[in-house]
Amino acid sequence: MKLFRRGEKPSALVSLIPFVFLVGVLILVIKAFGANALDGGSQVALLLATGVTVAISMIFYRIPWKEFEEGILDNIRAVGTSILILLLIGAVSGSWMISGVVPTMIYYGMQVIYPEIFLFAACGICALISIMTGSSWTTIATVGVALVGIGTAQGYEPGWIAGAIISGAYFGDKVSPLSDTTVLASSSAGTPLFTHIRFMMVTTIPSFVIAMSVFLVVSLMHDAPSTVQAADFSADLKDTFNISPWLLLVPVFTGLLIVKKVPAMLTLFVAAVIAGIVAVAVQPQIIGAIATGGTPDSIKSLSFLDGFKGTFITYYGSTAIDTGNETLNALVSTRGMTGMMNTVFLIIAAVAFGGSLVGSGMLQSLTDKLTHFIRRRVSMVSATVGTGIFANMITGDQYLSIILTSSLYKKLYHDRGYEPKLLSRSVEDSATVVSVLIPWNSCGMTQATVLKISTLTYLPYCLFNIISPLMSIAVAAIGYKIVKKSK
């Protein structure tokens, strides 16, 4: 059998070559760069895989360059809005932190950490903070580290502590409109952001309720006293920021915009502007320190120009406030819009790879082959979930897994008459949450290093992450709120 036939599109076997090449390069990238693989190494790997795809197609199949150019440009146009949303997410993350909105959420959340409900409270607090920040990594690396110390002092097993923290952080990351993975999953499948989030609630809420119920039962069966570390953390927050329940009006108002179905870009823009105004009014000493490079204690009054400068830096740049607490310093530091540039770089590199696969016909060949084995809705969702998990294992990265899984199944869902929100939910129920359970995945490596608890130790206790893929398949079997598009 001749492998390369000019004038035809590449076979499914040939179409696997760029993926095998990508996996090989990514293995080297992860070995060389570790947790910093997303700083550029993974993106270069994607561009190299794009080059391999183009080379095979042009040399052996005589596919003209124009086909690749059109495929790549179409993909870039499709994610243009998502890139703008990511930049606004950076602005919101920075302004909500510096304005005291997120610190206030943390401060009041810390008040409920009692030994008798520690795991339940830890999961809930991490969920809340992750929703507000849109980042599971930030939540785990900051509050998560503090909670590990508190839980250890209260006599809890490391696996249970990490399981509660990770479950909460990934729940919040998954449903937050500020999360880059949520934006990526929705945009990759072609689903409006808030439509994607609302549809995810069908599988995400039950999974989280089950996980929280187990954490509550285990906590109630545990015996131990001490909330000293939590009290110190809360005191440092209050000493650094002007904490006030009035600041909670900002997320409440943002929530109302979401409920009213205001477009994501407008919601985020308004949320950032309001938080910037609040920052100047409520945290002038911090804004002044950001503008002048001094310390909050040294700021006696805030001039208009310094207020303007400090607010703009909060939106676009990196900020660091010395609170006297290293864990808290890491939490309140922000990177603004510039902190999103690696993700933007990744998206552009990924859509270039995806565009080359479309232009060459390789993606179609793989999808056609998969279609032969998928007959019903349950098998389609199960295959999507399985691919998301497998992609995490072979690529070692959740972002790549989201993009590759969405690309493979997008046409299949469309041809079968299902709305893209079913695809985006199935992808996020698997590719996003399972990444942290794989030891060699960038997420698994990072969280194990940050929490100082090995991936295999916490894996059985990450209840939300384990239940989510199963819930996705179960709901597909039931068919709840799954409808076909009208023709």
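Structure: see above.
Report follows, based on the coordinates. What you see is a predicted model; the values in this text were computed from it and never measured.

With respect to helix α18 (residues 362–371)
- Every buried residue of α18 is listed here: Met362, Leu363, Ser365, Leu366 and Thr367.
- Structurally, α18 contributes buried residues whose contacts are with α1 (12–15), α2 (17–33), α3 (41–61), α17 (341–360) and α20 (398–415).

Describing unusual backbone geometry
- Backbone geometry at lysine 452 places phi at a positive 60°, although glycine is not the residue there.
- With respect to the element layout, lysine 452 can be found in the loop between α22 (442–451) and α23 (455–458).
- Despite not being glycine, lysine 481 has its phi angle at roughly 60°, a positive value.
- Mapped onto the fold, lysine 481 is located in the segment after α24 (463–478).
- Judged by relative accessible area, which is 52%, lysine 481 ranks as exposed.

Points about a nonpolar patch on the surface
- Taken together, Phe21, Val44, Leu47, Leu48 and Phe345 make up a surface patch of nonpolar side chains, about 400 Å² in accessible area.
- Examining the composition of the nonpolar patch, we find that three residues originate from one element, α3, more than from any other.
- The topology assignment puts leucine 48 in helix α3.

Some thoughts on the packing of aromatic side chains
- As enumerated under the stated definition, the model contains ten aromatic pairs in all.
- Taken together, the ring pairs connect Trp160, Phe215 and Tyr461 into an aromatic cluster.

Details of the packing of helix α13 (residues 264–282) against helix α15 (residues 304–316)
- Close contact between α13 and α15 brings their axes to 10 Å; oriented N to C, the two are set at 135°. On the basis of the axis angle, α13 is oblique to α15. Of the two elements, α13 crosses α15, and the hand of that crossing is right-handed. Residues Ala272, Val273, Gly276 and Val280 of α13 lie in contact with α15, whose contacting residues are Gly307, Thr311 and Tyr315.
- The residue makeup of the contact of α13 with α15, split by class, is four nonpolar, three polar and no charged.

A closer look at the pattern of salt bridges
- Overall, the coordinates contain three salt bridges when judged by the stated rule.
- Aspartate 415 is the partner of lysine 411 in a salt bridge, and the nearest nitrogen-oxygen pair spans 2.6 Å. Taken as a pair, lysine 411 and aspartate 415 lie in helix α20 at a separation of four residues, close to a single helical turn.
- Look at lysine 411 and you get partly exposed, because its relative accessible area is 37%.
- For lysine 421, the salt bridge is made with glutamate 419, and the minimal N-O distance between the two is 3.3 Å.

Digging into the side chain of lysine 174
- As for its placement among the helices and strands, lysine 174 is situated in helix α8 (residues 158–175).
- Not counting residues within four places of it along the chain, the set of residues in contact with lysine 174 comprises Thr182, Met200, Thr203, Thr204, Glu428, Asp429, Val433, Phe464 and Ser468.

About the cut-offs
- Residues numbered from 1 in each chain as written.
- Predicted model: local features only at pLDDT ≥ 70, side-chain atom pairs only at ≥ 80, totals over all residues.
- Heavy atoms only, no water.
- Buried < 20%, exposed > 50% of the residue type's maximum accessible area, 1.4 Å probe, protein only.
- Helix = DSSP H or I, 4+ residues; strand = E, 2+ residues; numbered from the N terminus.
- Contact = heavy atoms within 4.5 Å.
- Patch = residues over 30% accessible without salt bridge, like charges linked within 9 Å, V, L, I, M, F, W, Y side chains within 5 Å.
- Areas by Shrake-Rupley, 256 points an atom, 1.4 Å probe, with all protein chains shown as cover.
- Salt bridge = Lys/Arg side-chain N within 4 Å of Asp/Glu carboxyl O.
- Phe/Tyr/Trp six-rings, centres within 6.5 Å; stacked < 30°, edge-to-face > 60°.
- Axes fitted to C-alpha atoms, helices over the stretch in contact; angles between N-to-C directions.
- Parallel < 35°, antiparallel > 145°, perpendicular 65-115°, else oblique.
- Left-handed = near helix turned anticlockwise from the far one by under 90°.
- Nonpolar A, V, L, I, M, F, W, Y, C, P; charged D, E, K, R; others polar.

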